[in-house]
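The chain contents come next:
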Amino acid sequence: MPRDRDPLVVGRVVGDIVDPFTRSIALRVSYTSREVNNGCELKPSQVAIQPRVDIGGEDLRTFFTLFYQTGPKLLTYNTLSLDILSRLVTDIPATTGASFGQEVVCYESPRPSMGIHRFAFVLFRQLGRQTVYAPGWRQNFNTRDFAELYNLGLPVAVVYFNCQRESGSGGRRR
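Note that the structure is predicted; figures quoted are calculated from it, not measured. (Residues numbered from 1 in each chain as written. Predicted model: local features only at pLDDT ≥ 70, side-chain atom pairs only at ≥ 80, totals over all residues. Heavy atoms only, no water.)

## So, the pairing of strand β8 (residues 117-125)
1) Next: Counting buried residues in β8 gives eight out of nine residues, a clear majority hidden from the surface.
2) Next: The sheet contact formed by β8 and strand β9 (residues 157-163) spans seven bridges and is antiparallel. What sits directly across from alanine 120, in β9, is tyrosine 160. (Buried < 20%, exposed > 50% of the residue type's maximum accessible area, 1.4 Å probe, protein only. Helix = DSSP H or I, 4+ residues; strand = E, 2+ residues; numbered from the N terminus. Pairing = 2+ DSSP bridges.)

Structure (structure tokens):
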């Protein structure tokens, strides 16, 4: 798929949250029976309960770190907001799901009060077990800094959706 048509580029996940990467592991996220596809729209009531997350791979001895982060897509004057860490799970064996890992920051569902918030699931391959720990805060979470701190390199998979308050009409107002 050409870079300019990649939904992660169009949705500014690549650029705002992560650097360009090549997806190498399957990542499937679903809320109840609805699978998350890049750029889809979900309401807070649809994402109140943490999702099911399945991870591909071939070797149970390979471990992954998964985190969810949320934040407004853009603030005024085209300034990006700093994101909030919504969940962090480490030591997830390949071919399993997030429920098999170690939850170090519990799930906090998105609660946008205004605007459209982007909710991203970012998956990294760990160097080994028990090599990633919880940050001291949820606010102002920075993916690149976190990945650098734990030598995670580039992500191996990312999935995102957009979320706005229940009464939101979608799109931009003119």
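## Some words on the packing of aromatic side chains
1) Next: Applying the stated criterion across every chain yields a total of 13 aromatic pairs.
2) Next: Ring centres of phenylalanine 141 and phenylalanine 146 lie 5.3 Å apart, and the angle between their planes is 50 degrees; this geometry places the pair in the tilted category. The residues phenylalanine 141 and phenylalanine 146 share a single accessibility class, namely buried.
3) Next: Among the aromatic side chains, those forming a connected cluster through ring pairs are Tyr31, Tyr68, Tyr107, Phe119, Phe121 and Phe161. (Phe/Tyr/Trp six-rings, centres within 6.5 Å; stacked < 30°, edge-to-face > 60°.)

## Things to note about the sheet that holds strand β4 (residues 52-55)
1) Next: Pairing is antiparallel in the open sheet, where three strands are placed in the order β2-β1-β4. The open sheet has two free edges, formed respectively by β2 (34-35) and β4, since each of these has just one partner strand.
2) Next: As defined by bridge partners, strand β1 (residues 27-31) adjoins β2 across two bridges and the pair is classed as antiparallel. Among the inter-strand pairings, serine 30 is bridged to a residue of β2, identified as glutamate 35.

## Notes on the side chain of arginine 87
1) Next: Mapped onto the secondary structure, arginine 87 falls in strand β6 (residues 84-93).
2) Next: Within the local environment of arginine 87, its side chain forms a polar contact with the side chain of tyrosine 68, the two groups lying 2.8 Å apart.
3) Next: Discounting residues that sit within four places of it in the chain, arginine 87 has contacts with Gln50, Leu66, Phe67, Tyr68, Ala98, Glu103, Val105, Cys106, Tyr107 and Arg138. (Polar contact = N/O pair within 3.5 Å; in protein donor to acceptor, adjacent residues only side chain to side chain. Contact = heavy atoms within 4.5 Å.)

## Let's talk about the pattern of salt bridges
1) Next: This model, assessed by the stated rule, comprises nine salt bridges.
2) Next: Between arginine 12 and aspartate 16 there is a salt bridge, with its nearest N and O atoms 3.3 Å apart.
3) Next: Residue arginine 12 is classed as partly exposed on the basis of its relative accessible area, which comes to 39%.
4) Next: For glutamate 103, the salt bridge is made with arginine 87, and the minimal N-O distance between the two is 2.6 Å. Of this pair, glutamate 103 sits in strand β7 (residues 102-105) while arginine 87 sits in strand β6, and the two are 16 residues apart along the sequence.
5) Next: Classification of glutamate 103 by relative accessible area gives partly exposed; the value is 35%.
6) Next: A residue is classified by how much of its surface remains accessible, and arginine 87, at 5% relative accessible area, is buried. (Salt bridge = Lys/Arg side-chain N within 4 Å of Asp/Glu carboxyl O.)

Keep in mind these values describe shape, not function.
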